[in-house]
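Analysis of the macromolecular model
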Number of protein chains: 2
Amino acid sequence: MPEQGPTEAGATQTVVAMAPIRAPKAADVLADDLRERILRGAFPPGTALPPERELVTQTHMSRTTVREALRILEVQGLVRIKTGRAGGAFVQTPGQESVASTVNLLIRGRQIRLAALLETREAIEPSCAQLAARYRTDEDLARLDAANVAIAADGSLAEFLQANVDWHMAVALASHNELLTGVMLALSRSIYSATDNQGFIDAMVRDVTVRAHTGVTNAIRAQDADAAVRRMKRHVHGYAEAVVEVESRTTIEMPVD
Amino acid sequence: MPEQGPTEAGATQTVVAMAPIRAPKAADVLADDLRERILRGAFPPGTALPPERELVTQTHMSRTTVREALRILEVQGLVRIKTGRAGGAFVQTPGQESVASTVNLLIRGRQIRLAALLETREAIEPSCAQLAARYRTDEDLARLDAANVAIAADGSLAEFLQANVDWHMAVALASHNELLTGVMLALSRSIYSATDNQGFIDAMVRDVTVRAHTGVTNAIRAQDADAAVRRMKRHVHGYAEAVVEVESRTTIEMPVD
DNA sequence: TGCTACTTTGGGTCGGACCAAACAATCAAC
DNA sequence: GTTGATTGTTTGGTCCGACCCAAAGTAGCA
């Protein structure tokens, strides 16, 4: 297969002096090709890629390889595969979900501590609030208000936490920035599950949370970016401190050294 | 397989009344299982999963299916597959690279405008600088200085831009926050390629950039978090404004409607 | 000792076959 | 004609078995 120059096979043996050579897997090549075309807009979202067997004849690859390539694109969120007649691989554009799931893998895989998550949220969310104040629509406000109502309601812990996540996501969505939204989605979920079974959410915390959220929401409604940043910063910082405080109280029980 | 209630099979024929049933793909099931085990730490990084043929006998699935599952994990960055003897699927933990590539797909797929990218950077990078001032090590400082030297050097445009990216990445790395680092990696690259062939990088811009970077670097060195935030904010904001200004100058040339 | 050549162990690719899901077309009954 | 069940076709999902290729070790030979 590899064409060798007419080198005089000298003293020892074949010294063709060829480049370090690459061994790209066929499926990757196909996937790269299709991915590039999709991203270039050759296949607008919603269009169906050719059926597998069709791609087989076109690419002269085996169906196994073609399927592997499609699978890669599916994992990357670039296509959605449906079965049955009129099925096939349909082009779509990756959204926040895909970012969120990757970030989640990072968080779980690297065992990122809760402190680091909170730190990250402190870094990102005030900016979300700022952008939200700048770009929020009436629909965004409706979502924020709905989440606030749900939080104030006297529900179970799980319901409270879920409403909490919903509100934070509403802020992120109001920023109309898909990157920040994706990261915040993953962050919120992880913080949710980390905070879940720590019983430090008492009535007072809930009350404080509701107040803080209301304050931020009002600032966003009034499009007061500075206030939104300030209040959000205070809110998430306060939350982080409370968590750390509770953690130290919980962790202190192990014997010294 | 589907348990049928003792329904009186009426007039026409079989009316088994079964639940909506789910049809999870075998490969996904395997992938989910392995992923969960990996994330739980059952297979520490570096360990090799059983060979494909071994998994076949264990799971009673076909090799095709097993391979598909492994492929999924590979795309998600949980496993690295090597060929040849002593090859196989080796567990690894996803890193910034994986986040960066996903974010890149989002940026390219959603055709996120340069303005939004710059906006996101304005949101995130000041916080990176803050954390960098807090946590920077000597090694981080060395990277920052090296990037600064490279920027000041009178190189080509490509070299300048690369050094620019390197410096921003050095800041992100100094924050010791893998999430932020991953996002910044993708952001920097995208901004790089978007800014590339716009000839608005003149000597003056380069000079301003060097000064700004030096200022931020010094703040990080002095562990002056406030100054780092302030200077970084000014820097990225100024950059964004410059880009917008150039863009309006460039775009104005199309005839009015 | 140092090289070559073989063997083993792994993934990579292929072709073919069959199953299951989902839609389409058709036909029968009203 | 409209409706409803039946049949058919398309398309992905799974399996099997075979073969190839690359890497790493091992034995043999000069």
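Residues numbered from 1 in each chain as written. Chains lettered and ligands numbered in written order. Predicted model: local features only at pLDDT ≥ 70, side-chain atom pairs only at ≥ 80, totals over all residues. Heavy atoms only, no water.

1. Focus: the relation of the copies chain B and chain A
Taken as rigid bodies, chain B and chain A are interconverted by a rotation of 180° and an axial shift of 0.0 Å, the fit giving an RMSD of 0.1 Å. Taken together, the rotation and translation relating the two chain copies correspond to the operation of a two-fold axis. Identified as the residue of chain B closest to the rotation axis by C-alpha distance is Ile124(B), at 3.0 Å. Of the residues that chain B buries at the interface, 98% are likewise interface residues in chain A, meaning the two copies contact each other through the same surface. (Least-squares fit on C-alpha atoms with pLDDT ≥ 70 in both. Contact = heavy atoms within 4.5 Å.)

2. Describing the UniProt feature "domain: HTH gntR-type" (unreviewed entry) in chain A
UniProt's feature table lists "domain: HTH gntR-type" (unreviewed entry) at residues 24-94 of chain A, given in the numbering used throughout. Helix makes up 51% of residues 24-94 of chain A and strand 11%. Its end C-alpha atoms lie 25 Å apart. (UniProt positions renumbered as here; feature names shortened; annotations may be inferred. Helix = DSSP H or I, 4+ residues; strand = E, 2+ residues; numbered from the N terminus.)

3. Points about the interface of chain B and chain A
Contacts between chain B and chain A engage 46 residues on the former and 45 residues on the latter. Together, Arg71(B), Leu105(B) and Leu179(B) form the three largest contributors to the area buried by chain B at its contact with chain A, with a combined 17%. Measuring nitrogen to oxygen at the nearest pair gives 3.4 Å for the salt bridge that ties Glu68(A) to Arg67(B). Across the chain B-chain A interface, the total number found is 23 residue pairs in polar contact (both at pLDDT 80 or more). Elements with a contribution of two residues or more to the side of chain B that touches chain A: helix 1 (26-40), helix 3 (63-75), helix 4 (96-109), helix 5 (114-135) and helix 8 (178-196) of chain B. (Buried area = accessible area lost by both parts, 1.4 Å probe. Salt bridge = Lys/Arg side-chain N within 4 Å of Asp/Glu carboxyl O. Polar contact = N/O pair within 3.5 Å; in protein donor to acceptor, adjacent residues only side chain to side chain.)

4. Focus: helix 7 (residues 157-174) of chain A
Residue and element names in this part refer to chain A. Over its 18 residues, helix 7 runs 26 Å from end to end, which matches the ideal 26 Å to within 8%, given 1.5 Å per residue. By the burial criterion, the buried members of helix 7 are Phe 160, Leu 161, Ala 163, Asn 164, Val 165, Trp 167, His 168, Met 169, Ala 170, Val 171, Ala 172 and Ala 174. At the exit of helix 7 stands His 176, carrying a positive phi of roughly 55°. (Expected span 1.5 Å × (residues − 1). Buried < 20%, exposed > 50% of the residue type's maximum accessible area, 1.4 Å probe, protein only.)

5. Regarding the confidence of the model for chain A
Residue and element names in this part refer to chain A. When the pLDDT values of chain A are averaged, the result is 85; 86% of them are 70 or greater. Put simply, helix 10 (residues 225-251) is where chain A has its lowest mean pLDDT, 86, and helix 3 (residues 63-75) is where it has its highest, 96. Counting interchain partners and residues more than four positions distant, the pLDDT-below-50 stretch residues 1-21 has four contacts. (pLDDT = per-residue confidence, 0-100.)

6. A look at the nonpolar core
One broad trend across soluble globular proteins is that nonpolar side chains are buried collectively. Ranked by internal contacts, the top residues of the largest apolar core, which has 98 residues, are Val171(A), Leu179(A) and Val171(B). Among all residues touching Val171(A), those that are not within four sequence positions of it are Cys128(A), Ala129(A), Ala132(A), Leu144(A), Ile220(A) and Met232(A). Membership of the second largest hydrophobic core comes to 18 residues, among which are Ile38(A), Leu39(A), Ala69(A) and Ala89(A). (Core = buried A, V, L, I, M, F, W, Y, C linked by side-chain atoms within 4.5 Å.)

7. Concerning the protein's contact with DNA strand D
Surveying the vicinity of DNA strand D reveals 23 residues, the closest of which are Arg53(A), Arg67(A), Arg85(A), Ala26(B) and Thr65(B). The sugar and phosphate moieties of DNA strand D supply 57% of its atoms located within 4 Å of the protein. Within the contact set of DNA strand D, a sugar or linking oxygen lies 3.4 Å away from a backbone nitrogen or oxygen of Gly84(A). One of the side-chain nitrogen or oxygen atoms of Thr64(B) is found 3.5 Å away from a base nitrogen of DNA strand D. Of all the secondary structure elements, the ones that give two or more residues to the surface near DNA strand D are helix 2 (52-59), helix 3 and strand 1 (79-82) of chain A together with helix 3 of chain B. Counting residues per element, the surface near DNA strand D draws most heavily on helix 3 of chain B, at three residues. Here the residues of the surface near DNA strand D sort into four nonpolar, nine polar and 10 charged. (Near = heavy atom within 4 Å. Nonpolar A, V, L, I, M, F, W, Y, C, P; charged D, E, K, R; others polar.)

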